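Structural overview
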Amino acid sequence: MIIPDEDDSQKIKDPPVAIPSIRYPERAAGRRTLSPLPDYETSQALAFAGFNDSQVTLFKPPARRRLVDSRFWRAALASLAVYVFLTVVVGVPIIVTKQRDDQQKYPYNSLTYAVPWPSKNSATYYSGNINNISSPIQAGVIPVCNNWTEVALLGDMTTFESWAEHQVSSSGEFSLTSNASYYDDFGLVQGEFYAGINPDATAQEAVISVHMQASSPDVFTRTFVCFALADNFTDLSLYVPDNLTSKDNILYNISLLFPQSPSTVTSFSTFLPMFDQLFGSFDDFVTFKKVSIEGPVSRITVDSLQAKKILVDTSLEPVTGSFSASDSLLISTILAPITANITLYNDPDSMFPTFLDLTTGNSNLTSDITVLAPNEDPPQRNNFVINIRTFSGSLTTTLVHDPSSPPTSIKLRTENDLGPSSVTLDKLFEGLFQVTTKQSAAVVNLGDASVEDPWGSGTMRNLDVDFDSVARVYGWIGWGARPPYWSVDQLAQVMVDTSLANATLSFLG
């Protein structure tokens, strides 16, 4: 006989119900102690027993260590502020003062000297008010504009031609300027200027005349030709319109003729862009003290010009002529040749040498130089300081003494790149020499080294070569024993320097 359990009796008593049932798991604490499986809390503890705290939390990268902290940057900014303050308050005045002192001196350095030139003074070289008609040229002198002697309308009924002429003082100051711009007016404004001696021997004063041609009535009325005339003062200013078009055109023809009688011109200056400037031979009729010939894209041709100071400055056009100066001569252009016959004079009683500077680029430079300094004894300072420069062109220079001149002290430096250089010195030169080039040959032609000392010491000319290689030669040439020491002011030298082409120095016997 089978007796049902109490649980089975309960199941029989309770009929099944057609609803879902949920069986909850027995509490862990109610599990039998002999069960091989651990309870929930134990299993979780066992599962995470191999992990540390950092492995069960979100990963955070370690903080970067700052190489420089904020205190360093604050100190750096403070130091910079102090540096700027000291530079502005202390450094700038010192630099300005030093530069001003240097401009008042003539530096005589060694072979790397720089030729000193006084700063341009607009009152000396050209008028400073070429863009302002209302400004007086000189105190008490009022310019008079478009006061034409004759005006004519040409056959095309659009082109105006005008002409004006004035008799002016043949001495004093002369200034001729134009406000035309190479950038804005190239090909639209052109002109020719000539200065020379009047062929009329009866003329007592200088004569200045202007011919102008304008392409239209509008251009004619907007163009101004202004004269400012007074005793010993002559100023001509040309003002072209600002907004010329490609159909506009202005042509000038200006002449200035001096009488065949002695005249002294203290200052003569031109600033005439896009002009051909021609200067005749003034012979002994006109004595110039300062001459300035300027103008971009201005071809300059000089038959003969003599003055104490001469400045010739242009660009893209050649400079050709004969010049004579006793203080300074500067000739400069670019992308165009220089061909000059030059005579330099230096007064032995003067404290300074006579300076010559010739500069162009991407073109040839040819100069024949004659020097004269009536030294009674061997000079104790340089008589002449000469600097000649070009690139991508040939450089040819010949320097000789005037037949009446004893030996002089000369510093001559020629610089070239990508072009051959050739320098020839006469038998009176004495001093150091150096010839250098790159990737080519440096050549020194000795000539006749047996020239007797012109100072009467009875010694013969000697040549000492200190270094002789393919690309560099240097040494000394002179009479007697080589001096062991020269003062900075006394040192005479010649340098010939170029690259990728031959450099040649020749001494005449």
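Residues numbered from 1 in each chain as written. Predicted model: local features only at pLDDT ≥ 70, side-chain atom pairs only at ≥ 80, totals over all residues. Heavy atoms only, no water.

1. Quick word on the overall build of the protein chain
Across its full length, the protein chain holds 6 helices and 27 strands. Counting all 509 residues of the protein chain, 41% fall into the buried class. In the protein chain, the proportion of contacts linking residues at least 24 apart, taken out of those at least 6 apart, comes to 69%. Accessible area of the protein chain: about 28,800 Å², with a carbon and sulfur share of 55%. (Helix = DSSP H or I, 4+ residues; strand = E, 2+ residues; numbered from the N terminus. Buried < 20%, exposed > 50% of the residue type's maximum accessible area, 1.4 Å probe, protein only. Contact = heavy atoms within 4.5 Å. Areas by Shrake-Rupley, 256 points an atom, 1.4 Å probe, with all protein chains shown as cover.)

2. Some remarks on the packing of aromatic side chains
What describes a pair of aromatic rings is the distance from one ring centre to the other and the angle between the planes of the rings. One pass over the structure, following the stated rule, counts 16 aromatic pairs. Ring centres of Phe258 and Phe282 lie 6.1 Å apart, and the angle between their planes is 75°; on these two criteria the pair is classed as edge-to-face. Here Phe258, found in strand β9 (residues 250-258), pairs with Phe282, found in the loop between β11 (275-281) and β12 (286-294); they are 24 residues apart in sequence, far enough to count as distant. On the basis of relative accessible area, Phe258 is assigned to the buried category, the value being 0%. (Phe/Tyr/Trp six-rings, centres within 6.5 Å; stacked < 30°, edge-to-face > 60°.)

3. Quick look at the side chain of Ser367
Along the chain, Ser367 turns up in strand β17 (residues 365-372). Taking relative accessible area as the criterion, Ser367 reaches 1% and is therefore assigned buried. Excluding residues within four positions of it along the chain, Ser367 makes contact with Ala340, Leu358, Ile388, Thr396, Thr397 and Thr398.

4. Some thoughts on the confidence of the model for the protein chain
For the protein chain, the average pLDDT comes to 82, and 74% of its residues sit at 70 or higher. Segment residues 28-32: pLDDT under 50, and 1 contact once partners within four positions in sequence are set aside and those in other chains are kept. Of the regions scoring below 50 in pLDDT, residues 100-134 engages in 76 contacts with residues more than four places distant in sequence or in other chains. (pLDDT = per-residue confidence, 0-100.)

5. Some details on the state of the cysteines
Enumeration over the complete set of coordinates arrives at 1 disulfide. Covalent S-S linkage joins Cys145 and Cys226, the inter-sulfur distance amounting to 2.0 Å. Across the S-S bond linking Cys145 and Cys226, the dihedral sits near 105°, which makes this disulfide right-handed. Of this pair, Cys145 sits in strand β1 (residues 144-145) while Cys226 sits in strand β7 (residues 224-230), and the two are 81 residues apart along the sequence. Residue classification places Cys226 among the buried positions, given a relative accessible area of 2%. (Disulfide = S-S within 2.5 Å.)

6. Remarks on the nonpolar core
Counting 84 residues, the largest nonpolar core has Phe193, Tyr252, Phe258, Phe268 and Ile386 as the members making the most contacts within it. Looking at this core element by element, the count peaks at 6 residues for strand β13 (residues 299-313). Ignoring anything within four residues of it in the chain, the contact list for Tyr252 reads Val189, Gln190, Gly191, Glu192, His211, Met212, Thr223, Val225, Leu238, Val240 and Phe275. (Core = buried A, V, L, I, M, F, W, Y, C linked by side-chain atoms within 4.5 Å.)

7. A few points about the pairing of strand β25 (residues 472-479)
Of all 8 residues in β25, 6 are buried; the element is thus mostly enclosed. Here strand β22 (residues 431-436) pairs with β25 via 6 bridges, running antiparallel. From the neighbouring strand, Val435 faces β25, where its bridge partner is Val473. The sheet contact formed by strand β24 (residues 461-468) and β25 spans 7 bridges and is antiparallel. By the bridge assignment for β25, Asp468 is matched with Val473. Connecting β24 to the antiparallel partner β25 that follows it, the hairpin turn spans 3 residues. (Pairing = 2+ DSSP bridges.)

8. Describing the layout of surface pockets
Approximately 260 Å³ is the volume found for the second largest pocket. If you go around the second largest pocket, you meet 17 residues; those closest to its centre are Val286, Leu305, Gln306, Ala307 and Ser324. Looking at the lining of the second largest pocket, the elements with two or more residues in it are β12, β13, β14 (319-332) and β15 (338-345). No other element matches β13, which puts 5 residues into the lining of the second largest pocket. For the lining of the second largest pocket, the residue count by class is 7 nonpolar, 7 polar and 3 charged. (1 Å grid on protein atoms, 1.4 Å probe; cavity = no way out; pocket = protein on both sides within 12 Å on 5 of 7 lines; lining within 4 Å. Points joined across faces, edges and corners; volume = space filled by probe spheres on them. Nonpolar A, V, L, I, M, F, W, Y, C, P; charged D, E, K, R; others polar.)

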